[in-house]
Amino acid sequence: MEEWAAALDRGAPDEAWDLCLARYRRVIFAAIRHYVRDDDDVMDVFARVCESLRADDLRRLRTWAAEPVHRARFSTWLVTVVRHLAVDWYREQHGRRRVSALEQALPPLQRLIFEQVFLRGRSHAEAYEIIHAGAMPALGFREFLVALRETYRAAAAGRRTHAIAEMAPGPEPPDADGEPDWSVAHARQLKDAMASLPPEDRLLLQFYLIDELPARDVARMLALPNAKAVYNRTYRLLADLRADLERRGFSREDR
Amino acid sequence: MSNFRPWYRLTNAMSTHSEGGLIALIRRHAAETDPTPDCLGETELAAVVDGALDPAVRPGILAHLAGCARCRRIVASVARAVAAPGVAATTRGSTPFRIRVAWIALPAAAAAALFLFLRPASGPRATLDHRGGGDDTAAIPLGPIGVVSDPRGLWWSSLPGADRYRVTVYNDSARVVFLREQPDTSLRLDDSVRIDAGRRYLWKVEARLGIDRWSASRVVEFSPAPQPR
């Protein structure tokens with residue numbers, strides 16, 4: 001049992017907090033600095049994290065300590081909490097300003113995309129549907145994808161890079177240059193093919209190919225023996241996916 | 001006439017000599033799925049990252065993850081953070097013996113180190129001009145800031161549209177020593193609030209702009225000046 005949890009157990013919450021902070025202060029700051037680059041923002045997010053962990057008589061820490069078996073490391077849990085609070089803090093900072101400096105510099109379409117994807121957390125497909133149905137009925141999906149990527153680039157160029165990028169619900173889309181025009185319906189066909197895979201196989205493709213996590217991390221998370229197992233399974237799944245897409249078919253277009 | 005050639009593109013991607021095309025298609029179009037209502041809590045998310053799920057709940061959690069872009073994104077983000085050099089260096093375990101020996105000394109030392117880490121830089125960064133100057137969406141703490149002879153009088157700018165203010169003061173252990181909500185833009189800490197000369201304190205003010213909507217100022221530091229002998 002951790003020292004701070006033992007102090008909490010014997011009814012000494014102040015001592016528990018001091019012990020927890022002494023032991024994990026560096027983890028908390030390192031995690032904050034991973035997401036937040038501006039020094040002033042680090043300070044503000046740290047205050048937010050401390051407030052949250054101390055709130056309601058250390059309710060969050062008590063909930064963790066009360067778990068009969070701790071499977072995850074406490075430090076990993078802390079990093080998860082820090083990420084959550086840092087993103088919330090940034091959403092509040094951006095949400096309360098009418099238009100941030102970043103948004104002011106964006107062209108109209110990208111500003112709409114930034115609002116839908118980064119501030120409101122909508123998926124890329126949702127954002128397209130909303131913008132297409134509202135402000136820009138003539139907007140093509142390809143044009144949207146190009147502007148989406150430019151918006152991600154603009155968000156990544158700022159000082160507050162990491163936290164703003166975390167506000168988006170999905171990863172940065174790949175380059176659209178040279179790609180043919182895809183309709184939303186065809187994107188849906190690919191999603192349906194992915195959805196027919198068992199959950200663990202879907203997760204493997206998503207974590208390894210889309211999120212681009214290292215194979216060893218994917219192996220750990222999905223209880224595979226090693227990175228090689230991730231590679232082998234990925235190739236098998238891609239072959240299966242190709243076969244499935246052939247069966248579903250994409251309509252041929254006549255010239 | 002359309003230049004849309006998904007079949008052509010797909011057959012290219014199906015080349016046995018190149019996985020790149022299909023992978024690119026998956027990345028472009030399969031990255032997002034609709035969120036589900038039963039999203040995972042922080043404990044479960046951390047357990048996924050550490051590969052430490054309880055076998056009894058594992059199938060259900062992985063099934064949720066496979067269908068929830070939000071939770072998946074959090075898992076990927078935390079996995080990257082935990083593996084980042086700056087974070088990984090802090091999570092390499094220390095021995096329980098070292099903790100038992102040092103725990104008495106650590107809180108005081110850590111508190112001092114905490115403030116060295118936390119304090120604003122000297123000079124312009126400690127001034128009002130840097131701290132939220134020109135921001136019309138939050139109240140601005142006006143004093144005390146820095147080393148002050150009177151640490152008990154707190155005052156801040158008013159914020160148009162705000163009907164109440166909530167002031168929080170922290171000591172150098174990040175513990176809240178004072179918390180109050182009020183409609184005025186100044187207050188005085190009474191003697192029941194312990195403010196020690198030479199110690200460092202942080203404070204902030206939040207302005208209420210609507211039902212359950214609060215806008216927080218930057219956190220500023222102050223320290224009571226040592227008393228003359």
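Residues numbered from 1 in each chain as written. Chains lettered and ligands numbered in written order. Predicted model: local features only at pLDDT ≥ 70, side-chain atom pairs only at ≥ 80, totals over all residues. Heavy atoms only, no water.

Visitor: Outline the overall build of chain A, listing residues and values.
Guide: A tally of helices and strands in chain A yields 13 helices and zero strands. Of the regular secondary structure in chain A, the N- to C-terminal order runs α-α-α-α-α-α-α-α-α-α-α-α-α. In chain A, which comprises 255 residues, the share counted as buried stands at 53%. Counting only carbon and sulfur atoms, one obtains 48% of the accessible surface of chain A, whose full area is about 11,300 Å². (Helix = DSSP H or I, 4+ residues; strand = E, 2+ residues; numbered from the N terminus. Buried < 20%, exposed > 50% of the residue type's maximum accessible area, 1.4 Å probe, protein only. Areas by Shrake-Rupley, 256 points an atom, 1.4 Å probe, with all protein chains shown as cover.)

Visitor: Any details on the confidence of the model for chain A? Residues and values, ideally.
Guide: All names here are of chain A. When the pLDDT values of chain A are averaged, the result is 82; 82% of them are 70 or greater. Here helix α9 (residues 161-167) stands out as the least confident element of chain A, with mean pLDDT 62; helix α12 (residues 215-221) is the most confident, with 94. Across residues 251-255, where pLDDT falls below 50, the model places eight contacts with residues more than four positions away in sequence or in other chains. (pLDDT = per-residue confidence, 0-100. Contact = heavy atoms within 4.5 Å.)

Visitor: Help me get a handle on the pattern of salt bridges, residues and values and all.
Guide: Residue and element names in this part refer to chain A. Enumeration according to the criterion identifies 25 salt bridges over all chains in this entry. For R59, the salt bridge identified is with D56, shortest N-O distance 3.4 Å. Remark: D56 and R59 occur in helix α3 (residues 39-66); sequence separation between them is three residues, near one turn of the helix. Judged by its relative accessible area of 44%, R59 falls in the partly exposed class. Exposure remark for D56: the relative accessible area of 59% places this residue in the exposed category. In this structure, D57 and R62 form a salt bridge, with 3.0 Å as the shortest nitrogen-oxygen distance. (Salt bridge = Lys/Arg side-chain N within 4 Å of Asp/Glu carboxyl O.)

Visitor: For α3 of chain A, give the residues involved together with the corresponding values.
Guide: Taking 1.5 Å per residue, 28 residues should reach 40 Å; α3 of chain A reaches only 35 Å between its end C-alpha atoms and comes up short. The largest bend in α3 of chain A comes to about 110 degrees, at D56 of chain A. (Expected span 1.5 Å × (residues − 1). Bend = angle between axes of the 7 residues up to and from the residue.)

Visitor: I'd like a rundown of the side chain of R72 of chain B, residues and numbers included.
Guide: Mapped onto the elements of the fold, R72 of chain B is located in helix α5 (residues 69-83). Side-chain polar atoms of R72 of chain B contact the side chain of Q206 of chain A, separated by 3.2 Å. (Polar contact = N/O pair within 3.5 Å; in protein donor to acceptor, adjacent residues only side chain to side chain.)

Visitor: I'd like to hear about the environment of F144 of chain A, residue by residue, with values.
Guide: Residues and elements named next belong to chain A. Take F144: it is sitting in helix α8 (residues 141-157). For F144, a relative accessible area of 0% corresponds to the buried category. For the pair formed by F144 and L109, sequence separation is 35 residues and the distance between their alpha carbons is 8.2 Å. Leave out the neighbours within four places in its chain, and F144 touches I113, H124, A127, Y128, I131 and L139.

Visitor: I'd like a description of the nonpolar core, backed by residues and values.
Guide: Formed by 82 residues in total, the largest nonpolar core has its most connected members in W4 and L61 of chain A. Sorting elements by how many residues they give to this core places helix α2 (residues 13-35) of chain A first, with 13 residues. Beyond its immediate chain neighbours, meaning those up to four positions away, L61 of chain A contacts W4, L8, W17, C20, L53, F74 and W77 of chain A. V193, Y201, V220 and F222 of chain B belong to the second largest nonpolar core, which has 20 residues in total. (Core = buried A, V, L, I, M, F, W, Y, C linked by side-chain atoms within 4.5 Å.)

Visitor: Lay out the packing of aromatic side chains in plain terms, naming residues and giving numbers.
Guide: Inspection of the entire model under this criterion finds 15 aromatic pairs over all chains. Where F74 of chain A meets W77 of chain A, the ring centres are 5.3 Å apart and the plane angle is 25 degrees; that geometry is what we call stacked. Placement of the pair is F74 of chain A and W77 of chain A together in helix α4 (residues 74-96), with a separation of three residues, close to one helical turn. For the residue pair F74 of chain A and W77 of chain A, the accessibility class agrees, reading buried in each case. Look at F114 of chain A and F118 of chain A: their rings are 5.0 Å apart centre to centre, the planes differ by 15 degrees, and that puts the pair in the stacked class. Within this pair, F114 of chain A and its partner F118 of chain A are both found in helix α6 (residues 108-119), separated by four residues, close to a single helical turn. Comparing F114 of chain A with F118 of chain A, the two get one shared label, buried. Aromatic ring contacts, followed pair by pair, group W4, Y24, W64, F74 and W77 of chain A into a single cluster. The cationic tip of R23 of chain A hangs over the ring face of Y24 of chain A; the distance from NZ or CZ to the ring centre is 4.8 Å. Over the ring of W214 of chain B we find R166 of chain B; its NZ or CZ atom is 4.0 Å from the centre of that ring. (Phe/Tyr/Trp six-rings, centres within 6.5 Å; stacked < 30°, edge-to-face > 60°. Lys NZ or Arg CZ within 6 Å of the ring centre and 35° of its normal.)

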